[in-house]
Amino acid sequence: MSSDSFHPLFIAVGIGAATSAYVFARKLLFGHDSREPPLAPQSIPLIGHMIGLSQRKFNYYVDLSKSLSTPIFTLSMPGQKMYVITTPDLVQLAQKQHKTLAFPPIAAKFASTVCGASKAAQDILAQNVNGDEGDHGLSMESNTAMHAALQPGADLDDMNRAMIQGIAASLDELQPAKEETRRLGLSAWLTKVVTEATTRSVYGPLNPYDDPEIVDAFWDFEAGLMSILIGVLPSLTARKPIAARTKVVDAFEKYYKAGGVQQASALAQKRYQAEVDNHVSLTDIARYEVGGSIAILVNTAPAAFWTLLSVHSHPGLLDEIRKEVDACTKRTDTDNGRSLDITVLKQNCPLLLSTYQEILRYCSMGTSIREVMEDIYLGSWLLKKGTMLQMPSRVIHQDAGLWGGDVDEFNPRRFLPEEKKNRPGDVCFRAFGGGKTLCPGRHFATNEVLAVVAVFISRFDMKPTAADGRWKIPTTMNTNVAAVVMQPDDDVEVEIKVREGYEDVKWSVSLRESDNIFAMVTEDSVEAVS
């Protein structure tokens, strides 16, 4: 779901394309104040960091952080200068300055570029974009609408229940006949399941993504985001993704004209109303909604993929988590009926929850980003107006000084309650960003991943189809620019069959109230106590 995090290369290219003229005009590129964070050296002047990002991608900042051993450094690249924070203490300090170190102006620039918004819509979005004049305006009202719909409560429960029923239906369709097996690409199947369940829960019975052509068009658009961001001769370099985006926009226009949003979730309705109240045209509302689809779709399927793959490939883990989940299932009054409540699951499956959280630590690589709105000192370092500030989650997640000598390993027990003394505080877990712009969709995404994984392992046995019978963990270097969770470069082909002893079971999945949340971040712990 949406947050303040972006892929590092997405930032480097997107911000550079959008702000190079502005930065050059301020001569930020040509000078470095001794009061600013130290400059990170580069092997080739001007372009060395761009080369490093293109080759090492989300690991480049980790490399720099280890070599520099400073809590913040300066990255100088063509058309831009950026500061990169590497320690949780300084991240916390930056998050407290959310007006001066601001996210909304950046979000507005990306939304307008990625969504192809009209000049009129861009002007509306730019009005009071940072909330300096109060809580009015499209930027502020859209943010308020999104948080209101996604906070624990009745609106989120409605979305969760619709999503869970969609997942249950997909698993019913997946089930092979008795004593038969089925082969599938695990990542492709999960992407399909998550896309269907998520969009139906958000957009209701007239969901535009019920049309497979619109689904395919969205993923074509998502795959070509980099060419849209670069913006050089887009009619030639970004023809396919722009055409795909237009197709999805047209589908959303038809959806709104048919009254689809009136039957949709509170999230869709509140976001739509904020746009109507601010006089955004229907076409631009549809354009912005395509951008909103990126937020709700791109990261959940990879998170479910890595969790399910790790549960099966890590020795002994499947049996242990199955015991937890089986203990949460209940027999129903119907013949061979079994039910599973996701709320009960979150309260009684600590190893499953720990595994999921470790996946997010191990596989997330998003970077929180802020625009420096005026000169400010962050600790003892001067940050200059007009520059960008980055807080890469992977730098903190891969810091052995925080997490210990096994930081490079996947440890499914790392987040068990009894291991709390052996790990750093919650502020060091940055998969959902943090502070004022903490991802509002984290509760929904967590429920979705846990539902998919728990019900899948309850119903099916799965094994790799590789000739040697071993699980192969795919590489991730081609992860798309819109992603915050690593995406597999290649799919994992698997064979599934109904779990032995469960061939005739009829399954039902439910969710009680969502007030009892799974608190992974400091802000959730505060909410849970208050």
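Structure's up top.
Residues numbered from 1 in each chain as written. Predicted model: local features only at pLDDT ≥ 70, side-chain atom pairs only at ≥ 80, totals over all residues. Heavy atoms only, no water.

A.B. asks: Would you mind showing me how to read the nonpolar core here?
C.D. replies: In summary, soluble globular proteins display a tendency toward joint burial of nonpolar side chains. Ranked by size, the top nonpolar core spans 154 residues in total, and within it Phe432 and Phe456 carry the most contacts. At 10 residues, the largest contribution of residues to this core is made by helix H22 (residues 442-459). (Core = buried A, V, L, I, M, F, W, Y, C linked by side-chain atoms within 4.5 Å. Buried < 20%, exposed > 50% of the residue type's maximum accessible area, 1.4 Å probe, protein only. Helix = DSSP H or I, 4+ residues; strand = E, 2+ residues; numbered from the N terminus.)

A.B. asks: Whenever I open this one, helix H5 (residues 104-115) confuses me. Can you help?
C.D. replies: The end-to-end C-alpha distance of H5 is 16 Å, a good match for the 16 Å that 12 residues give at a rise of 1.5 Å each. Buried residues of H5: Pro104, Pro105, Ile106, Ala108, Phe110, Ser112, Val114 and Cys115, and no others. Two residues or fewer past H5, Gly116 is found with a positive phi of approximately 70°. (Expected span 1.5 Å × (residues − 1).)

A.B. asks: What am I meant to see in the environment of Val509 here?
C.D. replies: Along the chain, the position of Val509 falls in strand E14 (residues 506-510). Val509 sits in the buried class, given a relative accessible area of 8%. In contact with Val509, not counting residues within four places along its chain, are Ile164, Gln165, Ala168, Leu340, Ile342 and Val455. (Contact = heavy atoms within 4.5 Å.)

A.B. asks: It is not clear to me how the pattern of salt bridges should be interpreted in this structure. Could you clarify?
C.D. replies: Pairing of side chains with opposite charge becomes possible as their charged atoms draw close. Inspection of every chain in the model, using the stated rule, returns 23 salt bridges. Here Lys384 makes a salt bridge to Asp33, at a shortest N to O gap of 3.8 Å. Highlighted residues: Lys384 in the loop between strand E10 (381-383) and strand E11 (388-392) and Asp33 in the loop between helix H1 (8-25) and helix H2 (48-56), separated in sequence by 351 residues. Judged by relative accessible area, which is 24%, Lys384 ranks as partly exposed. (Salt bridge = Lys/Arg side-chain N within 4 Å of Asp/Glu carboxyl O.)

A.B. asks: How should I be thinking about the sheet that holds strand E12 (residues 460-464) in this particular structure?
C.D. replies: Sheet strands pair via backbone hydrogen bonds, and the direction of the pair is either parallel or antiparallel. The sheet built from three strands is open, its strands ordered E5-E13-E12 with antiparallel pairing. Edge strands, defined here as strands with exactly one partner in the open sheet, are strand E5 (182-185) and E12. Averaged over all pairs of adjacent strands, the angle between their axes in this sheet comes to 30°, without regard to strand direction. Here E5 pairs with strand E13 (residues 493-498) via four bridges, running antiparallel. The residue of E13 that forms the bridge with Leu184 is Val494. Strand contacts of H22: E12 and E13, with the helix running at about 95° to E12, the strand carrying the most contacts. (Pairing = 2+ DSSP bridges. Axes fitted to C-alpha atoms, helices over the stretch in contact; angles between N-to-C directions.)

A.B. asks: Looking at this structure, how should I read unusual backbone geometry?
C.D. replies: When glycine is set aside, most residues are seen to have a negative phi, and most peptide bonds are trans. In this model, Leu46 sits at a positive phi of 70°, which is unusual for a non-glycine residue. Inspection of the secondary structure puts Leu46 in the loop between H1 and H2. Backbone geometry at Asn128 places phi at a positive 50°, although glycine is not the residue there.

A.B. asks: Teacher, can you tell me more about a nonpolar patch on the surface here?
C.D. replies: Nonpolar side chains collect at one region of the surface, where Ile230, Val232, Leu233 and Leu236 lie side by side and expose about 390 Å² of accessible area between them. Mapped onto the secondary structure, Leu236 falls in helix H12 (residues 234-237). (Patch = residues over 30% accessible without salt bridge, like charges linked within 9 Å, V, L, I, M, F, W, Y side chains within 5 Å. Areas by Shrake-Rupley, 256 points an atom, 1.4 Å probe, with all protein chains shown as cover.)

A.B. asks: Please clarify how the sheet that holds strand E6 (residues 330-331) should be interpreted in this entry.
C.D. replies: Pairing in this open sheet of three strands is mixed, and the strands run E6-E7-E14 from one edge to the other. The open sheet has two edge strands, E6 and E14, and neither has a second partner.

A.B. asks: How should the side chain of Glu253 be read in this particular structure?
C.D. replies: Along the chain, Glu253 falls in helix H13 (residues 239-257). One buried charged residue, Glu253, remains without a salt bridge, the closest side chain of opposite sign being Lys257 at 4.1 Å. At a separation of 3.1 Å, a polar atom in the side chain of Glu253 contacts the side chain of Thr283. When sequence neighbours within four positions are dropped, the list of residues in contact with Glu253 reads Leu282, Thr283 and Ala286. (Lys, Arg positive; Asp, Glu negative; His and termini not counted. Polar contact = N/O pair within 3.5 Å; in protein donor to acceptor, adjacent residues only side chain to side chain.)

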